[in-house]
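# Fold and contact review
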Amino acid sequence: MTALLYILLAIVVAVAIWQITSIFNLKGTIATEKDNNTQGILFAVFGIFFYGLMIFSFWKYTVVLLPEAASIEGERIETLYIITMLLILFVQAITQFLLFFFAFKYRGIKGRKALFYADSSKLEAIWTIIPAITLSGLVLYGLFVWNGVMDTSDAENPLIVELYAKQFQWEARYAGEDNELGRANVRNIKGINTMGVDMTDKNANDDIPVRELHLPKGRKVIFKFRSQDVLHSAYMPHFRAQMNCVPGMVTQFAFTPSLTTEEMRENKKTIAKVAGINKIRAEKGEDPYEFDYLLLCNKICGASHYNMQMKIIVEEEAAFNSWLKNQKTLAEIIK
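Structural notes, computed from the coordinates. Remember, it's a predicted structure, so these values are computed and weren't measured experimentally. (Residues numbered from 1 in each chain as written. Predicted model: local features only at pLDDT ≥ 70, side-chain atom pairs only at ≥ 80, totals over all residues. Heavy atoms only, no water.)

Let us now look at the sheet that holds strand β6 (residues 232-236). With mixed pairing, five strands are arranged side by side in an open sheet as β4-β10-β9-β6-β7. If you trace the sheet from one side to the other, it starts and ends with β4 (213-216) and β7 (241-245), each paired once. When the angles between neighbouring strand axes are averaged without regard to direction, this sheet yields 25°. Bridge count for β6 against strand β9 (residues 293-297) is two bridges, and the pairing is antiparallel. The residue of β9 that forms the bridge with Tyr 235 is Leu 296. Where helix α7 (residues 317-325) meets the sheet, its contacts fall on β4 and β10 (309-315), and the angle it forms with β4 comes to roughly 140°. (Pairing = 2+ DSSP bridges. Helix = DSSP H or I, 4+ residues; strand = E, 2+ residues; numbered from the N terminus. Axes fitted to C-alpha atoms, helices over the stretch in contact; angles between N-to-C directions. Contact = heavy atoms within 4.5 Å.)

In structure tokens, the structure reads:
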């Protein structure tokens with residue numbers, strides 16, 4: 001594979017040198033009307049191909065996109081994303097069309113002169129003021145959404161969970177009955193106390209460490225993030241949630257799950273995506289895949305970064321409470 005990459009790199013460099021040499025050889029050459037006409041037509045043909053490819057890509061590859069957001073806050077983030085993308089696509093469609101259209105319509109024709117504007121205050125005002133107003137509105141809307149997602153001051157009885165990142169795995173800790181996490185520090189890591197929890201802190205005794213994350217539907221979850229070694233990033237794509245895990249500090253994010261794992265498995269887009277994956281796996285002779293929410297690391301944190309993930313199960317609150325009740329506390333584990 002490395003040899004192939006070197007060969008491809010050599011080909012690219014050779015083509016680049018050839019193109020640069022060709023450009024220098026054109027010095028002093030005057031384009032004919034036939035040349036201008038050919039280039040204008042090629043621009044028009046490429047423009048048609050460009051839009052055709054874009055439409056085909058939207059039609060063909062939407063199946064790889066995520067299904068609907070699985071959290072209340074994620075729905076707001078998704079709305080912001082859709083508005084932003086629609087705005088970008090609208091502007092892109094107009095500007096790209098004008099680029100290809102003008103290159104064709106105003107190609108060089110003998111006897112025709114271009115109309116030259118030294119400047120146009122009106123035109124400059126239009127393309128300065130309209131983008132400024134549009135982008136300001138988008139930024140303000142984005143801040144409104146972000147502040148709404150990050151503000152947990154009005155949360156009623158939130159679930160407090162710590163996610164602890166290290167090369168190359170995740171650990172989780174629930175706050176227990178007092179809903180307060182005990183202090184923790186890497187200096188306290190010893191033996192089975194792999195998260196470095198300070199067991200002299202009374203709030204730590206009822207904390208519950210787990211290796212599989214369960215979340216209740218309809219209840220806000222406040223996540224506290226720590227990292228043991230390098231910069232990681234807690235990424236939960238289906239909930240539209242991501243936050244950096246920074247060594248030496250605690251970061252925070254919160255969301256309210258709105259769809260259980262079983263409900264997401266019945267989603268039409270999820271079913272189609274799973275069917276596509278299992279078709280590929282069947283051709284390779286591999287076992288079928290079943291959808292699960294995942295916590296991933298979205299920072300390249302080392303050689304086994306790709307394998308750093310934790311399964312997330314979203315269930316009804318009664319089922320969650322029953323599961324949590326059966327888990328051992330730190331005081332029971334660390335005796």
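The next point concerns a nonpolar patch on the surface. A cluster of nonpolar side chains, contributed by Phe 46, Phe 49, Leu 53, Phe 56, Trp 59, Tyr 61, Val 63, Val 64 and Leu 65, occupies part of the molecular surface with about 970 Å² of accessible area. For Val 64, the location among the structural elements is in the loop between α2 (33-61) and α3 (72-105). (Patch = residues over 30% accessible without salt bridge, like charges linked within 9 Å, V, L, I, M, F, W, Y side chains within 5 Å. Areas by Shrake-Rupley, 256 points an atom, 1.4 Å probe, with all protein chains shown as cover. Salt bridge = Lys/Arg side-chain N within 4 Å of Asp/Glu carboxyl O.)

Here we come to the nonpolar core. Grouped together as the largest cluster of nonpolar side chains are 41 residues, with contacts concentrated most on Leu 163, Trp 170, Tyr 174, Leu 213, Phe 223 and Met 236. No other element matches strand β1 (residues 159-166), which puts four residues into this core. With residues up to four places along the chain from it excluded, the contact list for Tyr 174 reads Leu 159, Ile 160, Val 161, Leu 181, Asp 207, Ile 208, Val 210, Leu 213, His 214, Phe 320, Trp 323 and Leu 324. One finds Tyr 164, Val 197, Ala 204 and Leu 330 within the second-largest nonpolar core, a separate group that totals five residues. (Core = buried A, V, L, I, M, F, W, Y, C linked by side-chain atoms within 4.5 Å. Buried < 20%, exposed > 50% of the residue type's maximum accessible area, 1.4 Å probe, protein only.)

Let us now look at the packing of α2 against α3. Relative to each other, α2 and α3 sit at 160°, their axes nearing to 7 Å. By the angle between their directions, the pair α2 and α3 is classed as roughly antiparallel. Remark: the crossing between α2 and α3 carries left-handed chirality. Counted together, Gly 40, Ile 41, Phe 43, Ala 44, Phe 46, Gly 47, Phe 50, Tyr 51, Met 54 and Phe 58 of α2 and Leu 89, Gln 92, Ala 93, Gln 96, Phe 97, Phe 100, Ala 103 and Phe 104 of α3 form the full contact between these two elements. Along the lines of polarity and charge, the residues of the contact of α2 with α3 split into 14 nonpolar, four polar and no charged. (Parallel < 35°, antiparallel > 145°, perpendicular 65-115°, else oblique. Left-handed = near helix turned anticlockwise from the far one by under 90°. Nonpolar A, V, L, I, M, F, W, Y, C, P; charged D, E, K, R; others polar.)

With that settled, consider the side chain of Thr 260. Along the chain, Thr 260 falls in the loop between β8 (251-255) and α5 (261-265). Once residues lying within four places of it in the same chain are set aside, the contact partners of Thr 260 are Lys 217, Tyr 293, Val 314, Glu 315 and Glu 316.

Take the pairing of β1 next. Note on strand geometry: in a regular strand, side chains alternate between the two faces of the sheet. The buried fraction of β1 is high, at eight of eight residues. Judged by which residues are buried, β1 turns out to be covered on both faces: Leu 159, Val 161, Leu 163 and Ala 165 on one side and Ile 160, Glu 162, Tyr 164 and Lys 166 on the other are all buried. Inspection of the sheet shows β1 paired to strand β5 (residues 221-227) by seven bridges, in the parallel sense. The partner of Ala 165 across the bridge, within β5, is Ser 227. Where β1 meets strand β2 (residues 169-174), six bridges bridge the pair, whose relative direction is antiparallel.

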